[in-house]
Amino acid sequence: MTDTTLNHIAFIMDGNGRWAKARGLSRSDGHKEGAKNLKKVLEACQKRGIHYVTLYAFSTENWSRPEPEVHLLMTLFRQYLSEAIKEFKPQNDVCFHFIGDRTRFTSDIQERMAKLESLCSGKENYHLTVCLSYSGRDEMKRAVQKMMQDAIDGKIKPSDVTEDVISSYLDTAGLPDPDLMIRTSGEQRLSNFLLWQLAYSEFYFPMVHWPEFSEKDLDEAIEAYKTRDRRFGKVK
Ligand code: IPE
Ligand code: IPE
Ligand code: MG
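This text gives an overview of the structure that appears in the document. Fair warning: this is a prediction, and the values are worked out from it, not measured in the lab.

Across its full length, the protein carries seven helices and six strands. Reading the protein from its N end, one meets helices and strands in the order β-α-α-β-α-β-α-β-α-α-β-β-α. The C-alpha atoms of the protein give a radius of gyration of 18 Å, which matches the 18 Å a tight globule of 236 residues would have. A principal-axis box enclosing the C-alpha atoms of the protein has dimensions of 60 × 50 × 35 Å. In the protein, buried positions account for 47% of the 236 residues. Long-range contacts, defined here as pairs at least 24 residues apart, represent 76% of the contacts in the protein between residues at least 6 apart. Approximately 12,700 Å² of the protein is accessible, and the part contributed by carbon and sulfur atoms is 53%.

See below:
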């Protein structure tokens, strides 16, 4: 049967720089506008009953961008996290998760992430996962390191390793796989995003840049998703 239940959308929020360039603005302006738009998109997803949203906000590879751009992004993360802590309301029913190698961030950013996660009781209906200093290969590397340590400690043996066990070692342990992956700006690649988890997700590549991705664009993506025939390798 075609399964068009839409429970989880993963976004690669791409195109902030191009959006700014097209308007004669700086890349920083593009990132600021992208951060503003994020709030709108999240509200729109919640209104449409999407229970899980995952955002690619900063990749492992993005650390190699020019220092002033990385610095600006860190300032934006700090602001965004502080605002989210201040505005957190249990009645909004959202639980935050941060995945990636958070040890690369300064301690104040790490503390803000931990604070936001601690506000989650675990009973929430909506889950927002933010990928920061994240890449799929780095996540797998860290997962294998943990598993090997557990093997040395006698907690796991080779015959215990199943696909579910591998999933449980990943940063996304406990979260469902995305149904739909949307990458704005027209680039048709994963750029190291959720390599394990996107195995059977549907992909959608709108031409708009992230700062201008609107509710209408979201609805178009959802409509396109509904027409897909998710076969999971089976025959109908
Ligand atoms: C996405 O926009 C934001 C991050 C990667 C942090 P870009 O900064 O990649 O924008 P483009 O792709 O250069 O337009
Ligand atoms: C992917 O976008 C990372 C994020 C959106 C956070 P990039 O702009 O870094 O990817 P490439 O360089 O175009 O592959
Ligand atoms: Mg980009």
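All right, on to the nonpolar core then. Note on soluble globular proteins: their nonpolar side chains tend to be buried together. Grouped together as the largest cluster of nonpolar side chains are 42 residues, with contacts concentrated most on F11, L55, F58, F105, I182 and L218. It is helix α3 (residues 67-87) that contributes the most residues to this core, six residues altogether. Setting aside anything within four residues of it in sequence, one finds I182 in contact with I9, A10, F11, I12, Y204, P206, F213, L218 and A221. Of all hydrophobic cores here, the second largest spans ten residues; its members include Y56, Y134, M181 and L198.

Further remarks concern the state of the cysteines. Overall, the coordinates contain one disulfide when judged by the stated rule. Paired by a disulfide, C95 and C120 hold their sulfur atoms 1.9 Å apart. Across the S-S bond of C95 and C120 the torsion is about -90°, and the bridge reads as left-handed. Of the two residues, C95 is situated in strand β3 (residues 94-99) and C120 in the loop between α4 (107-118) and β4 (126-134); the sequence distance between them amounts to 25 residues.

Here the focus is the site of ligand 2. Around ligand 2, a shell composed of I12, M13, D14, Y56, A57, F58, N62, R65, R183, R189 and S191 is seen. In this structure, R189 approaches ligand 2 through a side-chain N or O atom, which is 2.8 Å from an oxygen atom. Within the contact set of ligand 2, an oxygen atom lies 2.6 Å away from a side-chain nitrogen or oxygen of S191. Alone, ligand 2 offers 390 Å² of accessible surface; in the complex the protein occludes 78% of this.

On to unusual backbone geometry, then. A positive phi angle, near 85°, is found at S185, a position not held by glycine. S185 gets classed as buried once you look at its relative accessible area, which sits at 7%. Of note in this structure, S191 is not a glycine but carries a positive phi near 45°. A relative accessible area of 31% means that S191 is categorised as partly exposed.

Before going further, it helps to spend a moment on the site of ligand 1. Every residue lining ligand 1 is accounted for by M13, D14, G15, N16, G17, R18, R27, H31, A57, N62 and R65. Contact between ligand 1 and R27: an oxygen atom at 2.9 Å from a side-chain N or O atom of the residue. For ligand 1, whose unbound accessible area comes to 380 Å², protein coverage reaches 86%. Its atoms largely coinciding with the cavity grid, ligand 1 occupies the largest pocket. Every element with two or more residues in the shell around ligand 1 is listed here: α1 (16-22) and α2 (27-47). Looking at which element gives the most residues to the shell around ligand 1, the answer is α1, with three residues. Class assignment of the residues belonging to the shell around ligand 1 gives a composition of two nonpolar, five polar and four charged.

Time to look at the packing of aromatic side chains. Tallied over the entire structure, the rule returns twelve aromatic pairs. Taking 4.5 Å as the distance between ring centres and 15° as the angle between the ring planes, the aromatic pair formed by Y56 and F193 counts as stacked. Taken together, the residues Y56 in strand β2 (residues 52-59) and F193 in the loop between β5 (180-183) and β6 (202-204) connect sequence positions 137 residues apart. Each member of the pair Y56 and F193 is classed as buried. Chaining the aromatic ring pairs together yields one cluster made of F58, W63, F77 and F105. Just above the ring of Y80 sits the side chain of K39; from NZ or CZ to the centre is 5.3 Å.

Inspection of every chain in the model, using the stated rule, returns one cavity of 30 Å³ or more. Its boundaries defined by the atoms lining it, the largest cavity holds a volume of some 50 Å³. As for the largest cavity, its lining consists of H8, T54, T172, L175, P176, D177, P178, L194 and Q197.

Definitions and cut-offs
- Residues numbered from 1 in each chain as written.
- Chains lettered and ligands numbered in written order.
- Predicted model: local features only at pLDDT ≥ 70, side-chain atom pairs only at ≥ 80, totals over all residues.
- Heavy atoms only, no water.
- Helix = DSSP H or I, 4+ residues; strand = E, 2+ residues; numbered from the N terminus.
- Rg over C-alpha atoms; globule rule 2.2 N^0.38 Å.
- Buried < 20%, exposed > 50% of the residue type's maximum accessible area, 1.4 Å probe, protein only.
- Contact = heavy atoms within 4.5 Å.
- Areas by Shrake-Rupley, 256 points an atom, 1.4 Å probe, with all protein chains shown as cover.
- Core = buried A, V, L, I, M, F, W, Y, C linked by side-chain atoms within 4.5 Å.
- Disulfide = S-S within 2.5 Å.
- Near = heavy atom within 4 Å.
- Polar contact = N/O pair within 3.5 Å; in protein donor to acceptor, adjacent residues only side chain to side chain.
- 1 Å grid on protein atoms, 1.4 Å probe; cavity = no way out; pocket = protein on both sides within 12 Å on 5 of 7 lines; lining within 4 Å.
- Sits in = over half its atoms within 2 Å of the grid points.
- Nonpolar A, V, L, I, M, F, W, Y, C, P; charged D, E, K, R; others polar.
- Phe/Tyr/Trp six-rings, centres within 6.5 Å; stacked < 30°, edge-to-face > 60°.
- Lys NZ or Arg CZ within 6 Å of the ring centre and 35° of its normal.
- Points joined across faces, edges and corners; volume = space filled by probe spheres on them.

The values are spatial; any link to function lies outside them.
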